[in-house]
Structure formats: structure tokens, C-alpha cells
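What the coordinates show
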Amino acid sequence: MKSPPFAYVAPETIEGVVTGLVEAGEDAKVIAGGQSLLPVLALRLGRPSVLVDVGRVPGLDAIEMTDRGLRLGAGVTHATLERHPVVAEHAPLLAEVAPHIGHAAIRTRGTLGGSLAHADPAAELPAAVVLAGGSITARGPRGTRSVDAAEFFDGYLTTVLATDEVLESVHLPRRAPAVGDAFAEVSRRHGDFALVGAGARVRLDEGGRVAEARLVFLGAGSTPVLDLESGAAAIGRAPVADVFVEVGREAGARLEPHDDLHASASYRRRVAGALAARVLATAAARAGGST
């Protein structure tokens with residue numbers, strides 16, 4: 001199918017993008033890589049009157065370390081996340097999840113900001129940014145504001161972004177010592193949307209025991225599901241398989257996923273629990289200096 005007609009503007013400043021959104025009103029949509037928006041238009045699931053292209057705005061693809069941690073411009077592509085040495089060093093979780101996103105052509109055009117703004121609950125990057133304790137900076141006519149990633153996703157394909165705001169950057173805090181991250185998902189084929197996935201962050205204390213354990217799930221709700229309660233059960237315990245299997249089983253049972261034509265809710269809970277145990281063990285091994 002062909003998309004409905006629309007006007008197109010391509011400002012060369014972030015202020016111009018905001019102006020374009022304000023002038024177009026609620027019918028405007030921001031387009032970056034277009035990997036999520038164009039299929040929506042082709043299927044006529046959305047009918048924006050104006051597309052505001054952010055591709056010409058300088059600096060939206062910047063990657064830099066700041067006093068706060070790692071700053072990633074909204075225009076950074078999935079392929080860049082997968083390959084950039086600074087991301088690999090300071091945000092290895094994002095580098096790990098990036099190859100799971102679609103196929104190479106998708107990753108070359110798709111952007112970090114686009115994935116977050118689209119807010120698909122089966123997408124990898126929203127879950128990864130939530131797990132990493134990231135924050136998201138948006139620019140609008142009232143100025144800039146920062147939103148914790150855990151509070152950014154408001155429901156299925158919805159965020160707290162106003163219609164006249166554009167996602168500008170993502171900030172990830174510096175990782176503490178003795179911290180490991182890991183991610184895994186299950187899909188029908190590589191490149192398909194995940195049926196369910198899990199990410200973990202584990203921090204070990206000086207004695208090698210679990211000091212912190214965080215879990216996040218995708219494909220298990222209308223937004224990324226951050227689970228701190230299950231991980232708390234591992235604190236103070238040795239990072240061994242039996243502990244993580246127990247924690248994973250509890251975490252999976254706590255989830256409230258949905259049934260659809262791809263998988264049942266009970267299947268998602270079982271798989272989520274198994275993936276949780278796996279990523280906790282891998283994250284703990286990485287926190288201890290293992291590969």
C-alpha cells in the first residue's frame with residue numbers, strides 16, 4: 001500500500017524542528033531513520049499531515065563522555081551502537097542488544113531516538129536504556145527537560161513526549177566497578193520481533209557476593225518491565241546458578257504478559273523466567289571479570 005499524502009520539512013537546527021512541530025500541530029510526526037514510521041504510513045495506520053525530518057540537524061548523531069556519563073544523540077543509528085568503541089566500553093549492553101534489532105539494512109537507518117519514541121514493548125533498546133538507569137532529554141517550545149527512562153514509556157506505543165517535543169539525546173550514568181550486564185531474547189527467526197526477552201545488571205561486592213541485581217523484560221507488557229523486587233532476593237548471596245534459577249522463576253511468575261497469535265502468556269512467563277536466570281548468571285560472570 002501507499003502512504004497517505006503529507007507535507008515534508010527538513011529543518012537544519014533542533015529549534016527548527018520544534019518550530020515545525022508547533023506550526024504543524026498534533027498531526028505532525030518526527031521522522032529519523034523511518035524504519036518504524038514508514039511501515040505505519042504504508043499500512044495507513046497513521047495519517048500525519050506533516051513529517052518533520054531530523055536527519056539534517058548537526059550533532060544528533062554525537063557520542064561523547066560527559067561528567068554525567070555517556071551521552072548519545074537521538075540520531076545515533078543501531079549499527080553505530082553495535083560497532084562504536086566508546087559504546088562498547090561504556091555501554092556494552094547497548095552494543096550487545098543492537099545486533100538483535102531487525103536486519104543489517106534496518107540497523108543502518110534506524111536510530112536510537114526513533115526506537116525509544118516509537119515505544120514498541122517488544123523492542124530491545126527501550127528495555128536496555130531502562131535497565132541501564134538512563135534518562136532521556138526532550139526539546140520543546142518550553143525548553144528542554146530530562147525524563148528517567150523508567151518513567152518515559154507510558155503504554156503501548158506511547159510515551160510522555162508531548163506532540164510538540166522531539167527526543168534529543170539519551171544519557172547513561174557511568175557504570176560502577178564490578179558490574180556486569182547481559183541480554184537474551186527469543187524470536188521465531190533472527191530479525192523478527194522478540195516474543196520475549198530479558199536483560200540483567202549485576203553488581204558484586206568485595207567478597208564476590210551479589211550486591212545488586214536488576215532485571216528488565218521486553219515483550220512481557222505494554223512497556224519495558226523493570227523488576228527490582230525479584231533481583232533483591234539475590235542480594236548477599238553467592239552468584240551461583242541455583243540462586244539465579246530461583247530468582248528467574250520468581251520473576252517470570254510475577255509477569256503479566258498478554259496472549260496473542262505468536263505466543264501465549266504462560267509461554268512468555270516460562271521463557272522469561274528461564275532467560276532471566278541465564279542473563280543473571282552471565283551478568284554476574286562479567287561482573288567478576290569473566291567473559
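Residues numbered from 1 in each chain as written. Predicted model: local features only at pLDDT ≥ 70, side-chain atom pairs only at ≥ 80, totals over all residues. Heavy atoms only, no water.

Once that is clear, we can look at the overall build of the chain. When helices and strands are tallied, the chain shows 12 helices and 14 strands. Dimensions of the chain along its principal axes, counting C-alpha atoms only, are 60 × 45 × 30 Å. Across the 291 residues that make up the chain, the buried fraction comes to 49%. When the accessible surface of the chain is totalled, it reaches about 13400 Å², and 52% of it is carbon and sulfur. (Helix = DSSP H or I, 4+ residues; strand = E, 2+ residues; numbered from the N terminus. Buried < 20%, exposed > 50% of the residue type's maximum accessible area, 1.4 Å probe, protein only. Areas by Shrake-Rupley, 256 points an atom, 1.4 Å probe, with all protein chains shown as cover.)

Now for the pairing of strand S2 (residues 28-31). For a regular strand, side-chain orientation follows a simple rule: the groups alternate between the two sheet faces. Relative to strand S3 (residues 50-53), S2 runs parallel, the two sharing four bridges. Opposite Ala 28, over in S3, you have Val 50 as the bridge partner. (Pairing = 2+ DSSP bridges.)

With respect to the secondary-structure elements, His 171 resides in strand S10 (residues 166-173). When its relative accessible area of 11% is taken as the criterion, His 171 is described as buried. Here the side chain of His 171 touches Ser 169 through a polar contact of 3.3 Å, side chain to side chain. (Polar contact = N/O pair within 3.5 Å; in protein donor to acceptor, adjacent residues only side chain to side chain.)

To continue, consider the packing of helix H11 (residues 241-254) against helix H12 (residues 265-287). Where H11 meets H12, the closest approach of the two axes is 7 Å, and the angle between their N-to-C directions is 140°. The handedness of the crossing between H11 and H12 comes out as right-handed. Along its contact with H11, which presents Phe 244, Val 245, Val 247, Gly 248, Arg 249, Gly 252 and Ala 253, the element H12 presents Arg 269, Gly 273, Ala 276, Ala 277, Leu 280, Ala 281 and Ala 284. Tallied by class, the residues present in the contact of H11 with H12 amount to nine nonpolar, three polar and two charged. (Axes fitted to C-alpha atoms, helices over the stretch in contact; angles between N-to-C directions. Left-handed = near helix turned anticlockwise from the far one by under 90°. Contact = heavy atoms within 4.5 Å. Nonpolar A, V, L, I, M, F, W, Y, C, P; charged D, E, K, R; others polar.)

If you trace the three strands from one edge of the open sheet to the other, you get S1-S3-S2, paired in parallel fashion. Each edge of the open sheet carries a strand with a single partner, namely strand S1 (7-9) and S2. Each neighbouring strand pair of the sheet contributes to a mean axis angle of 25°, computed without reference to strand direction. Running over the sheet, helix H1 (residues 14-24) touches S2 and S3 and is turned about 170° from S3.

Another point: the pattern of salt bridges. If you walk through the whole model with that rule in mind, you get 16 salt bridges. Measuring nitrogen to oxygen at the nearest pair gives 3.4 Å for the salt bridge that ties Glu 212 to Arg 203. Judged by relative accessible area, which is 27%, Glu 212 ranks as partly exposed. With a relative accessible area of 30%, Arg 203 lands in the partly exposed category. The salt bridge partner of Glu 250 is Arg 254, with a shortest N-O separation of 2.9 Å. Placement of the pair is Glu 250 and Arg 254 together in helix H11, with a separation of four residues, close to one helical turn. Residue classification places Glu 250 among the partly exposed residues on the basis of a relative accessible area of 31%. Residue class for Arg 254 comes out partly exposed when judged on its relative accessible area of 34%. (Salt bridge = Lys/Arg side-chain N within 4 Å of Asp/Glu carboxyl O.)

This part takes up the nonpolar core. Here is a general trend for soluble globular proteins: nonpolar side chains tend to be buried in one another's company. Formed by 36 residues in total, the largest nonpolar core has its most connected members in Leu 72, Leu 81, Leu 116, Val 170 and Leu 172. Among the elements of the structure, strand S5 (69-73), helix H5 (92-97), helix H7 (112-118), helix H8 (124-131), helix H9 (149-152), S10 and strand S13 (210-218) are those that each provide at least two residues to this core. Looking at which element gives the most residues to this core, the answer is H8, with six residues. The residues contacting Leu 172, other than those within four sequence positions of it, are Arg 68, Gly 69, Leu 70, Leu 72, Ala 91, Leu 94, Val 129, Ala 132 and Gly 134. (Core = buried A, V, L, I, M, F, W, Y, C linked by side-chain atoms within 4.5 Å.)

With six bridges connecting them, strand S6 (residues 135-140) and strand S7 (residues 143-148) associate as antiparallel partners. Paired with Ser 135 across the strands is Asp 148, a residue of S7. In sequence, S6 turns back onto S7 through a hairpin of two residues.

Moving on, we get to H11. Helix length check: H11 (14 residues) gives 20 Å between terminal C-alpha atoms against 20 Å at 1.5 Å per residue, within 8%. Residues of H11 that are buried sit in contact with S13, strand S14 (225-227), helix H10 (229-232) and H12. (Expected span 1.5 Å × (residues − 1).)

Here the focus is unusual backbone geometry. Located in the positive-phi region is Leu 157, a residue other than glycine, with phi close to 60°. On the secondary structure map, Leu 157 appears in the loop between strand S8 (153-155) and strand S9 (158-159). Residue Leu 157 is classed as partly exposed on the basis of its relative accessible area of 34%. For Ala 178, which is not glycine, the phi dihedral falls at a positive 55°. For Ala 178, the location among the structural elements is in the loop between S10 and strand S11 (179-186). Residue Ala 178 is classed as partly exposed on the basis of its relative accessible area of 34%.

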